[in-house]
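Residue-level listing of the chains:
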Amino acid sequence: MTDTAVNENGKIIVHHLNNSRSQRILWLLEELGVAYEIKKYQRTPGLTAPEELKAVNPIGTAPVITDGSVNLAESGAIIEYIIRKYGNGRARPPASGEVHDLYWLHAAEGSLMPLGVNAYIMRIITERTPWLIRPLVSFLMSKLRARVIDPRLRVHAQLIEQRLTEVDGGWIADGEEPTAADYMMIFPLECMSQLCPEFLGINTERYLRRVHERPAYRRGLEIGGKYDYAP
Ligand SMILES: N[C@@H](CCC(=O)N[C@@H](CS)C(=O)NCC(=O)O)C(=O)O
């Protein structure tokens, strides 16, 4: 977190990278009805974020928000910050769902996304390997993925399916509306629906469809632009 630019309109600025986790933040702000502005950044041909994002986050990743004198990165931190500061009591879990909210809020970036990113990098390495040795690299990467990544992704998928079955079509924390856990989990679930759709249970698929149909989610998509992880 750094102190830099102040938005003169007093609105939050969302530094949004196309096709990225910052879609989570747009969904949350749209659900809460918080005024914001969006500053768009386009991925480079190498799929990394452009250099100018480093002006607001030295690591160079999105999402980042600027709120007054505060620049804040890390989607989990941003989501908690927005809910605490602008939620007016909304997006909070009921007491019975607090531990579930906490667990999934952290599991999303702490456990699921590292697995997903590793699988994604393996796919890119294979695609970009010279054709002569590609079959060998492809074979090695698929062995690695089958041994190291997929067994864990499969268990995570079973655990979220179990939770979504317990809440019977509700939100992860079993409240009236999405909480931090939902805003965080949507992205790994969207990634898994492309990377390993066969791991996702029926309630998880229903959950994804339900989120994607929400008007606030759709508004976030329109504002964010092309996003390959949702219909
Ligand atoms: N744990 C961070 C991860 C941030 C991250 O890796 N963002 C990706 C977009 S999904 C990014 O900016 N990638 C571009 C790059 O690495 O250059 C968060 O949740 O905000």
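Residues numbered from 1 in each chain as written. Predicted model: local features only at pLDDT ≥ 70, side-chain atom pairs only at ≥ 80, totals over all residues. Heavy atoms only, no water.

> Any chance you could explain the pairing of strand 5 (residues 70-73) here in plain terms?
Every regular strand shows the same layout, with side chains that alternate between the two sheet faces. With four bridges joining them, strand 4 (residues 64-67) and strand 5 adopt antiparallel strand pairing. Note on strand 5: the bridge partner recorded for Val 64 is Ala 73. Counting the residues that bridge the hairpin from strand 4 to strand 5 gives two residues, and of these Gly 68 lies at a positive phi of roughly 60°. (Pairing = 2+ DSSP bridges. Helix = DSSP H or I, 4+ residues; strand = E, 2+ residues; numbered from the N terminus.)

> Any chance you could explain the site of the ligand here in plain terms?
Surrounding the ligand, one finds 13 residues, the nearest of these being Arg 21, Ala 49, Ala 62, Glu 74 and Ser 75. For the ligand, an oxygen atom lies 3.4 Å from a polar atom in the side chain of Arg 21. At 2.8 Å from a nitrogen atom of the ligand is found a main-chain nitrogen or oxygen belonging to Ala 62. When isolated, the ligand has an accessible area of 520 Å², and the protein chains bury 80% of it. Grouping the amino acids of the shell around the ligand by side-chain chemistry returns four nonpolar, four polar and five charged. (Near = heavy atom within 4 Å. Polar contact = N/O pair within 3.5 Å; in protein donor to acceptor, adjacent residues only side chain to side chain. Areas by Shrake-Rupley, 256 points an atom, 1.4 Å probe, with all protein chains shown as cover. Nonpolar A, V, L, I, M, F, W, Y, C, P; charged D, E, K, R; others polar.)

> Can you walk me through empty space enclosed by the protein in this structure?
Where empty space is left becomes clear once a probe the size of a water molecule has been rolled over the atoms. Across all of its chains, the model carries one cavity of 30 Å³ or more by this definition. Estimated volume of the largest cavity: approximately 40 Å³. (1 Å grid on protein atoms, 1.4 Å probe; cavity = no way out; pocket = protein on both sides within 12 Å on 5 of 7 lines; lining within 4 Å. Points joined across faces, edges and corners; volume = space filled by probe spheres on them.)

> Explain the domain arrangement of the chain to me, please; I cannot follow it from the model alone.
When the parts of a complex come together, some accessible area is lost, and that lost area is often taken as the interface size. Domain assignment breaks the chain into domain 1 (2-86) and domain 2 (95-214). For domain 1 versus domain 2, the separation of C-alpha centres amounts to 23 Å. Across the boundary between the two partners, domain 1 contributes 14 residues, which contact 19 residues of domain 2. Taken together, both faces of the contact between domain 1 and domain 2 bury some 1300 Å²; the carbon and sulfur share is 64%. Three residues, Arg 21, Arg 24 and Trp 27, lead the burial of domain 1 against domain 2; their summed loss comes to 48% of the area buried on that side. Glu 109 serves as the salt-bridge partner of Arg 24, at 2.9 Å between the closest nitrogen and oxygen. Elements with a minimum of two residues in the side of domain 1 that touches domain 2: helix 1 (22-32) and helix 2 (75-86). Looking at which element gives the most residues to the side of domain 1 that touches domain 2, the answer is helix 2, with five residues. Per-class residue counts for the side of domain 1 that touches domain 2 are six nonpolar, four polar and four charged. (Domains from an automatic or database assignment. Contact = heavy atoms within 4.5 Å. Buried area = accessible area lost by both parts, 1.4 Å probe. Salt bridge = Lys/Arg side-chain N within 4 Å of Asp/Glu carboxyl O.)

> Just checking my understanding: could you explain the packing of helix 2 against helix 5 (residues 180-195) for this structure?
Two quantities define a packed helix pair, namely the angle between the helix axes and the distance between the axes. Two elements in contact, helix 2 and helix 5, have axes whose closest approach is 10 Å; the angle formed by their N-to-C orientations is 150°. Judged by the angle between their axes, helix 2 and helix 5 are roughly antiparallel. In this structure, helix 2 crosses over helix 5, and the sense of that crossing is right-handed. From helix 2, Ser 75, Gly 76, Ile 79 and Ile 83 reach across to helix 5, where they touch Ala 180, Tyr 183 and Met 184. Here the residues of the contact of helix 2 with helix 5 sort into five nonpolar, two polar and no charged. (Axes fitted to C-alpha atoms, helices over the stretch in contact; angles between N-to-C directions. Parallel < 35°, antiparallel > 145°, perpendicular 65-115°, else oblique. Left-handed = near helix turned anticlockwise from the far one by under 90°.)

> Mind showing me how you'd approach the layout of surface pockets here?
Taken as a whole, the largest pocket spans an internal volume of roughly 1000 Å³. Forming the walls of the largest pocket are 36 residues, and the residues nearest its centre are Arg 21, Arg 43, Leu 47, Val 117 and Tyr 120. Among the secondary structure elements, those contributing two or more residues to the lining of the largest pocket are helix 3 (98-128) and helix 5. Among the elements that take part in the lining of the largest pocket, helix 3 stands out by supplying eight residues, more than any other. Residue composition of the lining of the largest pocket, by class: 17 nonpolar, 11 polar and eight charged. The residues that make up the lining of the largest pocket include at least three from each of domain 1 (2-86) and domain 2 (95-214). By volume, the second largest pocket amounts to about 190 Å³. Looking at the lining of the second largest pocket, the elements with two or more residues in it are helix 2 and helix 3.

> Looking at this model, I keep getting lost on the side chain of Thr 129. Mind explaining?
Positionally, Thr 129 belongs in the loop between helix 3 and helix 4 (134-166). Side-chain polar atoms of Thr 129 contact the backbone oxygen of Ile 125, separated by 2.6 Å. When near neighbours in sequence (up to four residues on either side) are disregarded, Thr 129 contacts Arg 134 and Val 137.

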